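Geometric and topological summary
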Amino acid sequence: MFDFVSFFPRAVMQGIPLLYGSTGEILTEKSGNLNLGIPGIMYVGAISGVIGSFFYEQSMAGQPLVPFWAIAIPMASSLLGSLLMGLLYCFLTVTLRANQNVTGLALTTFGVGFGNFFGGSLIKLAHSDVPSVALPATSAFFNRTPAHAEEFSAFSQLFLHYGFLAYLAIILALVMSFVLNRTRPGLHLRAVGESPATADAAGINVTRHKYLATCIGSMIAGLGGLYYVMDYANGIWSNNAFGDRGWLAIALVIFTIWRPSVSILASILFGGLYILYLYIPTGTQMEVKELYKMLPYVITLVVLIIVSLRKKREDQPPASLGLSYFREER
Amino acid sequence: METVKNAVRMENITKRFGTKVVANKSVNLELHEGEILSLLGENGSGKTTLMNMLSGIYHPDEGQIYIHDKPVTISSPKDAFDNGIGMIHQHFKLVDVFTATENIVLGLPGKLDLKESSRKIREICERYGFDIDPNQKIYNMSVSQKQTVEIVKVLFRGADILILDEPTAVLTPQETDNLFRIMRNMQKDGKSLIIITHKLHEVLAVSDRVAILRKGEYIGDVMTKNADQQSLTDMMVGRRVSLNINRPAPVDPKPRLVVEHLTAYDELGVKRLDDVSFTANSGEVLGIAGIAGSGQRELLEAIAGLYPVKEGTIRFYDPDVDYSDPNKKPIDLVGMDPMTIRKAGVAMSFVPEDRLGMGLVGTMGMTGNMLLRSWRKTKGLFVSRKEPEAMAKRIWQELDVVTPSTNYPVRRLSGGNVQKVLVGREIAQEPAVLMTAYAVRGLDINTSYTIYNLLTEQKLKGRAVIYVGEDLDVLLELCDRIVVLCGGQVSGVVDGRTITKEEIGLLMTQHRGGTSHE
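Sequence order as written defines residue numbering, which begins from 1 separately in each chain. Here chains are named by letter from A upward and ligands by number from 1 upward, in the order in which they appear as written. Only residues with pLDDT of 70 or above have their local features reported here, since the model is predicted, and side-chain atom pairs are shown and tallied only from 80 upward, although totals for entire chains, interfaces and linings are computed over all residues. The basis for every side-chain value is the complete set of heavy atoms in the structure, and neither hydrogens nor water enter the calculation.

Turning our eyes to something else, we now look at the overall build of chain A. The helix and strand labels rest on DSSP assignments: H or I over at least four residues marks a helix, E over at least two residues marks a strand, and numbering proceeds from the N terminus. When helices and strands are tallied, chain A shows 14 helices and 2 strands. The atom set for the radius of gyration is the C-alpha atoms, and the globule formula is 2.2 Å times the number of residues raised to the power 0.38. Against the compact-globule benchmark of 20 Å for 330 residues, chain A has a radius of gyration of 20 Å, which places it among compact chains. Summarising its shape, the C-alpha atoms of chain A cover approximately 65 × 50 × 35 Å along the three principal directions. Type-normalised accessible area, obtained with a 1.4 Å probe on protein chains alone, sets the label of each residue: buried when under 20%, exposed when over 50%, and partly exposed for intermediate values. A burial count over chain A gives 52% of its 330 residues as buried. Residue contacts follow a heavy-atom distance rule, with two residues in contact if any of their heavy atoms lie within 4.5 Å. For chain A, long-range pairs separated by at least 24 residues make up 77% of all intrachain contacts whose partners lie at least 6 apart in sequence. The Shrake-Rupley method, run with a 1.4 Å probe, gives the accessible areas here. Residue values count only the displayed protein chains as cover. Entry remark: accessible area of chain A is about 14600 Å², with carbon and sulfur atoms responsible for 69%.

Encoded structure:
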């Protein structure tokens, strides 16, 4: 029998990093920047948080952590790490007008390497027996849920057993949706992504909007990495454990046709599909498991095909996505 | 003497691009309050550049701009708005997926209140006689509606100085009249307007005064009431230009291309061509008239093998074949692609509407673009650049193309020169049928006449020339016969020598059922 009450929270926890990634990437893409560096940025967000909390835990030398700092330090270092990645991307693509695809892919390679390099260094510093760094004390603060652990009503299990970063992800997605569709900054940002020349002629600072959207987007995506390691993985960093979630986050952007509010449900769906193979009894047939693991990607492909078939203008990517803007071009 | 107040005064404006190109050289221009000023000049004479400095797109290298006699620095579009200047660009600056209202309020500060804004927009529309729905999406709008949105946009910002960059290039005669009516309404309301246009009769119809630029320099101004087409052209070009199109009688007209019952649908299943039938004869220029989007593009592309045909035939009669022999049959082009058409021995040339998209490769030079047409003629693994180089040189000289070398990217040439390269190449193929779509769109008067003469030359050589045009005056002067399209149907095939402009205008808006002249 399929156990929904235990499946759903796992799906949500799988989905939250994807939701952060896709919210950040939607904001970025709305400014016309196709940031394929998101997987790398999420890695950097995660390892930066780990580095921050590692040194904080070390400095306390076994003393109990101050709750405020235990959360603020990893958060701040994670945000700083992904902000720097976003800035680098903007400097290359907006200021120097480098090709966005190439820059993004390079940042992903760089980010993963950066994460593994410093991950490896920390593992050495910690003199760990296993190839991982454990930060249980910090993780305990990120793991705190609104419901007491002993509360086991279905409602509480389904909705109240998550750390604060999970709720923040959903709030951010809702805020993003509101800002993009209902406010003037959102209107201006969408104009920049659709037609920078139009925005420019209307007196909107294209460069500033692209920088802001991309950097904030990167920081949001980076939080996805932080959530993964501090909450989902209980504070245990091991190299490459984050896997290909960053790419799934980008797939999610297309899947939700650039709508952060849809992304909330879609990320849970993707998270569910990602772990579905654990809940479907396949016995010893490993190859069937692998087929189940394909599902999120297959569904993204199907959505891509459907969206391109429908040709509805509102469902298309921002018109100038992936293109650099240069005003005095003649 | 009456004292005039200046809305705009530009003093000694110079703008360079790079070190070589001087777009404007010490230009002095005045716009009086409450007048409509025409800014006239050939392609590349720096009109748009000059106006872009008023609207904050470019910044002048030298010189001073005064608005209402106050010296100002305009370094961004926002500065321009703040000074009450609004520019309606030739290429609309609108976001397709936004509504009219969203586009109009774009860039303004304050809280976003689309309802209130829509109300204000309706108010402006009523005041000046615009007809748009503020909640309609731009991609659902016609070109003329988009232009209206652009104009409302600048009025919404409270602009009292409006600059219109070739606003009529994309409009039908009726829409143009309507625009002029609105421009006069704005003038009555105290606004000052500058209009850039190539069409002299429009200059004469709408403006109070004409200012003329030539090669980036200010030549002078003249009151419209003291000017006529000839005097304006002479000032613009700098020498006397003949404004008559020579139209010799058709040479031995025989059917060359017979189109019958042609019907075609686009990818969304919308009927674009509906039972179109006509004959293009050798030795004559066949005009195709119609409101933009009436099926002109689809028709030419269908003939060229680029557009899928659902029903009908396109029969090609080879000039070298004697069809009195019952064994000889004309070639049906339906279902062929451009390659098979060429292989079947049909010499056809097509000058498409989208010069740099379909016609030429922008980043290649003249030689490279010639090569695109000729490489198949050379055998073996390697292509020879000799022949195309020679052809490029010939076109360069004969058509007076302004380019530093035959290897200079054609994308960087001005519109008129790009068109000369394209038309030159296509004519050099010695086609039996020459099709041109909007061959003079965006070209200045001098280049336009060069193109007309080239087409007439082709006709005298016994070729069938098909000319899709938008300027009715030219169609009437150039073409021997005119096919009028309306909504994908042929609403009439008329004699270019006897029909009047009004009759064609009527046919352009009239579906089949009206009387047709032959």
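In this section: the packing of aromatic side chains. Residue and element names in this part refer to chain A. Aromatic rings from Phe, Tyr and Trp, taking only the six-membered ring of Trp, are treated as a pair when their centres fall within 6.5 Å; an angle between ring planes under 30 degrees marks them as stacked, one over 60 as edge-to-face, and anything in between as tilted. Within the structure shown, the criterion is met by 21 aromatic pairs over all chains. Taken together, the ring pairs connect Tyr43, Tyr228, Tyr232, Trp237 and Phe242 into an aromatic cluster. Whether a charge sits over a ring comes down to the Lys NZ or Arg CZ being within 6 Å of the ring centre and within 35 degrees of the ring normal. Its end group placed over the ring of Tyr277, Lys293 keeps NZ or CZ at 4.9 Å from the ring centre.

Our focus in this paragraph is the interface of chain B and chain A. Across the boundary between the two partners, chain B contributes 31 residues, which contact 22 residues of chain A. In this description, buried area is defined as the sum, over both parts, of the accessible area (probe of 1.4 Å) that is lost when the two are combined. With both chains or domains summed, chain B and chain A bury close to 2400 Å², and 58% of this area falls on carbon and sulfur atoms. Basic side-chain nitrogens of Lys or Arg form a salt bridge, by our definition, when they fall within 4 Å of a carboxyl oxygen of Asp or Glu. Here chain B and chain A share 1 salt bridge between them. The salt bridge partner of Glu102(B) is Arg190(A), with a shortest N-O separation of 3.8 Å.

Together, Leu291(A), Met294(A), Val298(A), Val302(A) and Ile306(A) give the surface a local cluster of nonpolar side chains, amounting to about 420 Å² of exposed area. Looking at where Met294(A) falls in the secondary structure, it is placed in the loop between helix 13 (286-293) and helix 14 (295-310). Every patch collects residues that have over 30% relative accessible area and no salt bridge, joining them within 9 Å if they carry like charges and within 5 Å if they are nonpolar side chains (Val, Leu, Ile, Met, Phe, Trp, Tyr).

Right, let's get into the pairing of strand 11 (residues 255-265) of chain B. All names here are of chain B. Sheet topology note: the strand 11/strand 12 (residues 271-281) ladder contains 7 bridges and is antiparallel. Directly across from Leu257, in strand 12, lies its bridge partner Ala280. Here, a strand pair is defined by DSSP locating no fewer than two bridges between the strands. In sequence, strand 11 turns back onto strand 12 through a hairpin of 5 residues, with Gly269 there showing a positive phi of about 85°. As paired elements, strand 11 and strand 14 (residues 311-316) share 5 bridges and run antiparallel to each other. Bridge pairing links Val259 to Ile314 in strand 14.

Residue and element names in this part refer to chain B. The sheet built from 4 strands is open, its strands ordered 12-11-14-15 with antiparallel pairing. Edge positions in the sheet fall to strand 12 and strand 15 (331-332), since each has one partner strand and no second. Axis lines are fitted through C-alpha atoms, for helices just across the contact stretch, and the angle between N-to-C directions can take any value from 0 to 180 degrees. Against the sheet, helix 9 (residues 296-303) engages strand 11, strand 12 and strand 14, with an angle of about 65° to strand 12.

This part takes up the sheet that holds strand 7 (residues 161-165) of chain B. Residue and element names in this part refer to chain B. As summarised here, the arrangement of the 6 strands in space is 6-7-8-3-9-10, forming an open sheet in which the pairing is mixed. The outermost strands of the open sheet, each flanked by one partner alone, are strand 6 (85-88) and strand 10 (217-223). Within the sheet, the average angular offset between the axes of one strand and its neighbour, ignoring direction, is 20°. Here strand 9 (residues 209-214) pairs with strand 10 via 6 bridges, running antiparallel. Each residue of the ladder has a partner; that of Leu213, found in strand 10, is Tyr218. Packed onto the sheet, helix 6 (residues 173-188) meets strand 3 (36-40), strand 7 and strand 8 (192-196) and runs at close to 150° relative to strand 8. Along the sheet, helix 8 (residues 229-237) contacts strand 3, strand 9 and strand 10; its crossing angle with strand 9, the most-contacted strand, is approximately 30°.

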